[in-house]
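Summary of structural features
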Amino acid sequence: MTEPRFVVGPGYALYQGPLADSAPHRHAAFQVAVAAPGGEVTIADGAGVRHRGEAVVVAPMVRHRMAPTRRVLVFYVDPRCAFADRLRAEHVDGVRVAPRWRELTEEDVRPSGVLPSAEVDARLRAAMEALADDWVALPGLAAQVGLSPQRLRALARRQLGVPLARWRIWLRLARAADALGEGCTLAEAAVAGGFADQAHFTRQMREMTGLTPSQVLPVLRASGPGRRSPGPSGSRPAACSLPAYARWA
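This section reports on the structure supplied with the text. All of these numbers come straight from a predicted model, not from anything done at the bench.

How each quantity is defined
Residues numbered from 1 in each chain as written. Predicted model: local features only at pLDDT ≥ 70, side-chain atom pairs only at ≥ 80, totals over all residues. Heavy atoms only, no water. Helix = DSSP H or I, 4+ residues; strand = E, 2+ residues; numbered from the N terminus. Buried < 20%, exposed > 50% of the residue type's maximum accessible area, 1.4 Å probe, protein only. Contact = heavy atoms within 4.5 Å. Areas by Shrake-Rupley, 256 points an atom, 1.4 Å probe, with all protein chains shown as cover. Core = buried A, V, L, I, M, F, W, Y, C linked by side-chain atoms within 4.5 Å. Polar contact = N/O pair within 3.5 Å; in protein donor to acceptor, adjacent residues only side chain to side chain. Pairing = 2+ DSSP bridges. Axes fitted to C-alpha atoms, helices over the stretch in contact; angles between N-to-C directions. Lys, Arg positive; Asp, Glu negative; His and termini not counted. Salt bridge = Lys/Arg side-chain N within 4 Å of Asp/Glu carboxyl O. Phe/Tyr/Trp six-rings, centres within 6.5 Å; stacked < 30°, edge-to-face > 60°. Lys NZ or Arg CZ within 6 Å of the ring centre and 35° of its normal.

**Examining the overall build of the chain**
Looking only at helices and strands, the chain has nine helices and nine strands in total. Per-residue burial for the chain yields a buried fraction of 53% across its 249 residues. Relative to all contacts within the chain whose residues are 6 or more apart in sequence, the contacts with residues 24 or more apart total 72%. When the accessible area of the chain is evaluated, it comes to approximately 10700 Å², of which 53% is carbon and sulfur surface.

If you want it as structure tokens, here you go:
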């Protein structure tokens, strides 16, 4: 069996390999799970309904749980990039069986992963980037991009399906995951990510990925920080960069 593969590129991340069981969770990216040739992938939604097919799409912030499988190809697509527009047009919410994506490859995703979404307001994209600074409060953030807090919240929910508070947690998990990959302890990674303590870090990771820091630690240490697939220019544009922890989400 081929060794598991992790790639983080501009606007997307992918995992290819076996998948163990995980807790129900919801994350801030579109997820496209593609079964091995001749197989099926099964994802249960928040109500326990099982969606089974050659390819299954999960919209951002939709609670779900993927059944264990010996081999699967999973894409995590940043909702701010152009490829997300294609998914958003057909899979705006919920968990959907999507046979049209059964032959999806990294080569299909990469060209539009590097491009910003044509449907996400530029002010919202700017706000999402600014959330990387934990000290920025929502009123100040909204003023920074020329919107009222109410308008900014509405844009995030309508265009992304991701509340800005959840996006901030996603970014914190990215920082904590990178710290783990660099050799930090779980407690040190929690501090690096801006969490109150290790227990808080663990709760948030389980909620957004279905896994705990201890479970993903071997994967992060094996892949190491900075193992990313470069965009056409050799760099990852900030407007479409997917948080690094999507390598194992």
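Still to come is the rest of the account.
**Brief notes about the nonpolar core**
Grouped burial of nonpolar side chains is what soluble globular proteins tend to show. Counting 73 residues, the largest nonpolar core has W101, L124 and F201 as the members making the most contacts within it. Broken down by element, this core gets its largest block of residues, 10 residues, from helix 6 (residues 164-181). With residues up to four places along the chain from it excluded, the contact list for L124 reads L152, L155, A156, Q159, L160 and L164.

**What to know about the side chain of T42**
With respect to the helices, strands and loops of the structure, T42 is situated in strand 4 (residues 41-45). By relative accessible area, which is 11% here, T42 ends up buried. Within the structure, the side chain of T42 is placed 3.3 Å from the side chain of R52, a separation counted as a polar contact. Beyond its immediate stretch of four places on either side in the chain, T42 contacts R50, H51, R52, R65, M66 and A67.

**A few points about the sheet that holds strand 4**
On the basis of which strands lie adjacent, the open sheet formed by three strands has the order 5-4-7 and antiparallel pairing. At either end of the open sheet lies a strand with only one pairing partner, and these are strand 5 (50-53) and strand 7 (64-66). The sheet shows a mean angle of 20° between the axes of neighbouring strands, direction not considered. Examined bridge by bridge, strand 4 and strand 5 share four bridges and lie antiparallel to one another. Looking at strand 5, one finds that I43 is bridged to H51.

**Quick notes on unusual backbone geometry**
Negative phi characterises most residues that are not glycine, and trans characterises most peptide bonds. Not every positive phi belongs to a glycine, and M61 is a case in point at roughly 60°. Relative to the helices and strands, M61 is located in the loop between strand 6 (55-58) and strand 7.

**Thoughts on the side chain of R125**
Here R125 shows up in helix 3 (residues 122-130). Buried and unpaired, R125 has D121 as its nearest opposite-charge partner, separated by 7.1 Å. When neighbours within four sequence positions are excluded, R125 is seen to be in contact with R80, P116, S117 and V120.

**Notes on the sheet that holds strand 8 (residues 69-77)**
Spatially, the six strands line up as an open sheet ordered 1-2-8-3-6-9, and their pairing is antiparallel. Single-partner strands in this sheet number two, and they are strand 1 (5-9) and strand 9 (95-97). Direction aside, the axes of adjacent strands within the sheet are offset by 15° on average. Pairing of strand 3 (residues 30-35) with strand 6 involves four bridges; the strand directions are antiparallel. Bridge pairing links V32 to V57 in strand 6. Sheet contacts for helix 1 (residues 82-90): strand 3 and strand 8; angle to strand 3, the most-contacted strand, approximately 80°. Sheet strands in contact with helix 2 (residues 106-113) are strand 1, strand 2 (12-19) and strand 8, and its direction is about 155° off that of strand 2.

**Re the environment of P68**
Position of P68 among the secondary structure elements: in the loop between strand 7 and strand 8. Apart from the residues lying within four places of it in its own chain, the contact partners of P68 are L19, A20 and D21.

**Points about the packing of aromatic side chains**
If you walk through the whole model with that rule in mind, you get three aromatic pairs. Both rings, one in W167 and one in W170, keep their centres 6.4 Å apart while their planes meet at 25°; by these two values the pair is stacked. One end of the pair is W167 and the other is W170, both in helix 6 and three residues apart, which spans about a single turn. Grouping residues by exposure puts W167 and W170 together as buried. A cation sits over an aromatic face here: R100 above W101, 4.2 Å from the ring centre.

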